[in-house]
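# Structural overview for review
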Amino acid sequence: MRDESGEPPGSSGAGPGPRGRHVIIAIDGPAGAGKSTIARHLARQFGLLNLETGAMYRAFALKALRAGLPLDQSRGLEALAATTAIRLEPGVEENRVLLDGEDVTRLIRSQMVTDAASRVSVFPAIRAWMVSLQQQLGAQGGVVMEGRDIGTVVFPQAEVKIFLDAAPEVRGMRRFDQLGPGAPIQPEAVLRELRARDERDRNRADSPLRPAPDAVLLDSTHMTLEEAVEAAGHIVAARLGEPT
Ligand code: DC
C-alpha cells in the first residue's frame, strides 16, 4: 500500500483550488447518478480540483484481474495492495490514474474492471488504504471529491455534501447512452449490472453507500443532466454564501 509520490500529504496537485479556495465538496451517490459530470462542472464553476475516487478502486481492480486473484478473498488482495502504488493526478477536466507508474486512465473503464472495482471495494483493509490516500490528496482542500463514502468517511467535515441519486432505470439508460451506438451490450444488461453494483455498494458491511446526515439530497430522476448540474451549482453557492 505504497504512495509512490513520496511527497508530503496533499502535495499531489491538490491544495487551494485554482482560485485559492480551501473548501471540500463531497459528491456521493450510486453508479450512473451523474456524479462525474456534476463534479467536473462544479470544479470548473468554483475553481476547485476534481478528484474521482472510483478511479482508484478501478486501478486496483485492474491489477487484481491481471494477477488472476480471486476477487472474493481479502487476504490475497491485501498482499497485492502492499506492493501497489496508485496515484491520482487531479485535473479540472479529467483525472489521470497511474498504477505502479503505468497510465491506466483508459483501461479502467471496461465493464470487467467496473464490476471488479465494486467487488474489491467491499474489503475493509482495501478501503482503509484508499481512504488514507484520498485524505492525503484532499488534505489542503480546494477539491470536489466524488465517490461513495466521501461525506460519511473520507471527509465527514466537508463544507458541502451532495448525495446524488436517480431511479435505477434512468441511471441505466444514461449509462447505456454513454456507451454510444453499436455498444455490444443491451440496455437490459446495463441495468442488470447497475442493480448488482448498487446492491453491493449499498449493502457492504464497511462504509456502505448512504447519504451523510448533513448531505443535501439531489434526485435527478426527472431532470436532464444539465438541470442537475445547475441545481448542484445552486446548492454549493447557497452553502458557500455566494451568488450563482
Ligand atoms: O464511481 P465508480 O463507478 O468509478 O466506482 C467504481 C466502484 O468503486 C464502485 O462500484 C464502488 C467503488 N467505490 C467505493 O467503494 N468508494 C468510493 N469512494 C468510490 C468508488
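Look above for the structure.
Here goes a summary of the coordinates provided.

Procedures and definitions
- Residues numbered from 1 in each chain as written.
- Predicted model: local features only at pLDDT ≥ 70, side-chain atom pairs only at ≥ 80, totals over all residues.
- Heavy atoms only, no water.
- Helix = DSSP H or I, 4+ residues; strand = E, 2+ residues; numbered from the N terminus.
- Rg over C-alpha atoms; globule rule 2.2 N^0.38 Å.
- Areas by Shrake-Rupley, 256 points an atom, 1.4 Å probe, with all protein chains shown as cover.
- Lys, Arg positive; Asp, Glu negative; His and termini not counted.
- Charge placed at Lys NZ, Arg CZ, Asp CG, Glu CD.
- Near = heavy atom within 4 Å.
- Polar contact = N/O pair within 3.5 Å; in protein donor to acceptor, adjacent residues only side chain to side chain.
- Nonpolar A, V, L, I, M, F, W, Y, C, P; charged D, E, K, R; others polar.
- Pairing = 2+ DSSP bridges.
- Contact = heavy atoms within 4.5 Å.
- Salt bridge = Lys/Arg side-chain N within 4 Å of Asp/Glu carboxyl O.
- Buried < 20%, exposed > 50% of the residue type's maximum accessible area, 1.4 Å probe, protein only.

## Brief notes about the overall build of the protein chain
Within the protein chain one finds nine helices and eight strands. Relative to the 2.2 N^0.38 estimate, which gives 18 Å for 244 residues, the radius of gyration of the protein chain is 17 Å and therefore close to what a compact globule would have. In terms of overall dimensions, the protein chain has a C-alpha envelope of 50 × 45 × 35 Å along the principal axes. Of the accessible surface of the protein chain, which amounts to about 10800 Å², a share of 55% is contributed by carbon and sulfur atoms. In the protein chain, 29 positive and 32 negative side-chain charges are present, and the distance between their average locations comes to 2 Å.

## Regarding the site of the ligand
Around the ligand lies a shell of 14 residues, among which Arg-58, Arg-127, Arg-148, Asp-149 and Arg-204 are the nearest. In the environment of the ligand, an oxygen atom lies 2.7 Å from a nitrogen or oxygen atom belonging to the side chain of Arg-127. One nitrogen or oxygen atom from the side chain of Asp-149 is found 2.9 Å from a nitrogen atom belonging to the ligand. For the ligand, whose accessible area on its own is 440 Å², the fraction buried by protein is 98%. If you list the elements that add at least two residues to the shell around the ligand, you get α2 (54-67), α4 (111-120) and α8 (187-203). The dominant element in the shell around the ligand, judged by the number of residues it contributes, is α2, at three residues. Partitioning the shell around the ligand into residue classes produces two nonpolar, five polar and seven charged.

## Quick word on the pairing of strand β4 (residues 96-99)
With four bridges connecting them, strand β3 (residues 86-89) and β4 associate as antiparallel partners. Paired with Arg-87 across the strands is Leu-98, a residue of β4. Relative to strand β5 (residues 102-103), β4 is paired through two bridges, and the arrangement is antiparallel. Across the sheet, Leu-98 pairs through a bridge with Asp-103, a residue of β5. Where β4 folds back on β5, the antiparallel hairpin that results is connected by two residues, among which Asp-100 adopts a positive phi of roughly 50°.

## Quick notes on the side chain of Asp-149
Mapped onto the secondary structure, Asp-149 falls in the loop between β6 (143-147) and α6 (150-154). In this structure Asp-149 touches Asp-28, Tyr-57, Arg-127, Val-131, Val-154 and Ser-207, once residues within four positions along its chain are discounted.

## Some points on the pattern of salt bridges
Summed over all chains, the structure comprises 18 salt bridges. Linking Arg-171 and Asp-165 is a salt bridge whose minimum nitrogen-to-oxygen distance equals 4.0 Å. Between Asp-201 and Arg-204 there is a salt bridge, with its nearest N and O atoms 3.9 Å apart. Residue Asp-201 shares its accessibility class with Arg-204, and that shared class is buried.

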